[in-house]
Amino acid sequence: MSDSSRTARRLAAFLATMGTTHFLVPRPFDAIVPARLPGKARTWTHLSGVAELGVAAAVAYPKTRRKGALAAAALFAAVFPANVKMARDWRHRPLPLRAVVYGRLPIQAPLIGWALLVARNAGTHNAGTHNKGARDTGTRDKGARSAD
């Protein structure tokens with residue numbers, strides 16, 4: 001397994017874990033849903049969990065990996081306002097809790113970078129594979145074929 005494939009599988013596992021957590025332990029996620037969104041917070045929690053699971057599946061499957069990783073980058077950017085809301089809501093909590101919540105804020109940038117790296121590697125890998133195949137077919141001569 002290549003390093004890029006391992007990186008993609010780790011991203012898919014991370015997304016799947018977070019998506020599953022939205023269903024197993026929804027209350028913390030409910031608490032960070034902005035009140036201005038219509039409907040119930042739990043609905044938004046479940047929808048975001050489904051989104052993460054869907055993106056995880058897309059990243060895990062090589063044929064959809066590039067688009068899935070780009071969707072993951074967009075998803076990581078989209079949840080940033082919820083993380084800001086949580087940090088704001090927890091500003092009066094004890095210092096250790098605030099530290100955890102505030103510490104999450106700068107993590108979004110590396111998560112977005114990770115997803116973009118997977119997308120770039122998926123695009124490069126797929127393009128390289130197609131180009132290599134075309135090059136090999138066009139450059140082999142009869143003598144090379146008979147040796148196979």
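Scroll up for the structure.
Note that the structure is predicted; figures quoted are calculated from it, not measured.

Caption draft 1: Molecular detail of the side chain of D30. For D30, the position within the fold is in helix α2 (residues 27–31). Residue D30 is classed as buried on the basis of its relative accessible area, which comes to 15%. For D30, the contacting residues outside a window of four places in its chain are A41, R42 and T45.

Caption draft 2: Broad picture of the environment of R27. Looking at the element boundaries, R27 is found in helix α2. We classify R27 as exposed; its relative accessible area is 68%. As for R27 and A41, which are separated by 14 residues in sequence, their C-alpha atoms are 9.2 Å apart.

Caption draft 3: Representation of the packing of helix α1 (residues 3–24) against helix α4 (residues 65–78) in the model. Between α1 and α4, the least distance of the axes is 12 Å, while the angle of their chain directions is 45°. Relative to α4, the element α1 lies oblique. The crossing of α1 and α4 is left-handed. Residues S5, A8, L11, F14 and L15 of α1 form the contact with α4, whose own contacting residues are R65, A72, L75 and F76. Of the residues in the contact of α1 with α4, the class split is seven nonpolar, one polar and one charged.

Caption draft 4: View of a nonpolar patch on the surface. On the surface, a cluster of nonpolar side chains totalling about 230 Å² of accessible area is made up of F23, V50 and L53. Relative to the elements of secondary structure, L53 occurs in helix α3 (residues 41–60).

Caption draft 5: How the structure looks around the layout of surface pockets. Computed from the structure, the largest pocket encloses a volume of approximately 700 Å³. Together, 27 residues line the largest pocket, and H22, I32, V79, A82 and N83 are the ones closest to its centre. Elements with a minimum of two residues in the lining of the largest pocket: α1, α2, α3, α4, α5 (80–89) and α7 (108–139). Considering every element that reaches the lining of the largest pocket, the biggest residue donor is α3, with five residues. The class makeup of the residues in the lining of the largest pocket is 19 nonpolar, five polar and three charged.

Caption draft 6: Here's a closer look at the packing of α5 against helix α6 (residues 95–104). The N-to-C vectors of α5 and α6 enclose an angle of 160°; their axes lie 9 Å apart at closest approach. By the criterion of interaxial angle, the relationship of α5 to α6 is roughly antiparallel. Judged by the twist between their axes, the crossing of α5 over α6 is left-handed. Across from N83, M86 and A87 in α5, the residues of α6 making contact are V101, Y102 and R104. Partitioning the contact of α5 with α6 into residue classes produces four nonpolar, one polar and one charged.

Caption draft 7: Broad picture of the environment of A74. One can find A74 in helix α4. C-alpha separation for the pair A74 and A115, spaced 41 residues apart in sequence, amounts to 8.9 Å.

Caption draft 8: Representation of α5. Listing the buried residues of α5 in full gives A82, N83, M86 and A87. End-on, the buried residues of α5 take up no more than an arc of 140°, which puts them together on one face.

Cut-off values and rules
- Residues numbered from 1 in each chain as written.
- Predicted model: local features only at pLDDT ≥ 70, side-chain atom pairs only at ≥ 80, totals over all residues.
- Heavy atoms only, no water.
- Helix = DSSP H or I, 4+ residues; strand = E, 2+ residues; numbered from the N terminus.
- Buried < 20%, exposed > 50% of the residue type's maximum accessible area, 1.4 Å probe, protein only.
- Contact = heavy atoms within 4.5 Å.
- Axes fitted to C-alpha atoms, helices over the stretch in contact; angles between N-to-C directions.
- Parallel < 35°, antiparallel > 145°, perpendicular 65-115°, else oblique.
- Left-handed = near helix turned anticlockwise from the far one by under 90°.
- Nonpolar A, V, L, I, M, F, W, Y, C, P; charged D, E, K, R; others polar.
- Patch = residues over 30% accessible without salt bridge, like charges linked within 9 Å, V, L, I, M, F, W, Y side chains within 5 Å.
- Areas by Shrake-Rupley, 256 points an atom, 1.4 Å probe, with all protein chains shown as cover.
- Salt bridge = Lys/Arg side-chain N within 4 Å of Asp/Glu carboxyl O.
- 1 Å grid on protein atoms, 1.4 Å probe; cavity = no way out; pocket = protein on both sides within 12 Å on 5 of 7 lines; lining within 4 Å.
- Points joined across faces, edges and corners; volume = space filled by probe spheres on them.
- Arc of directions from axis to C-beta.

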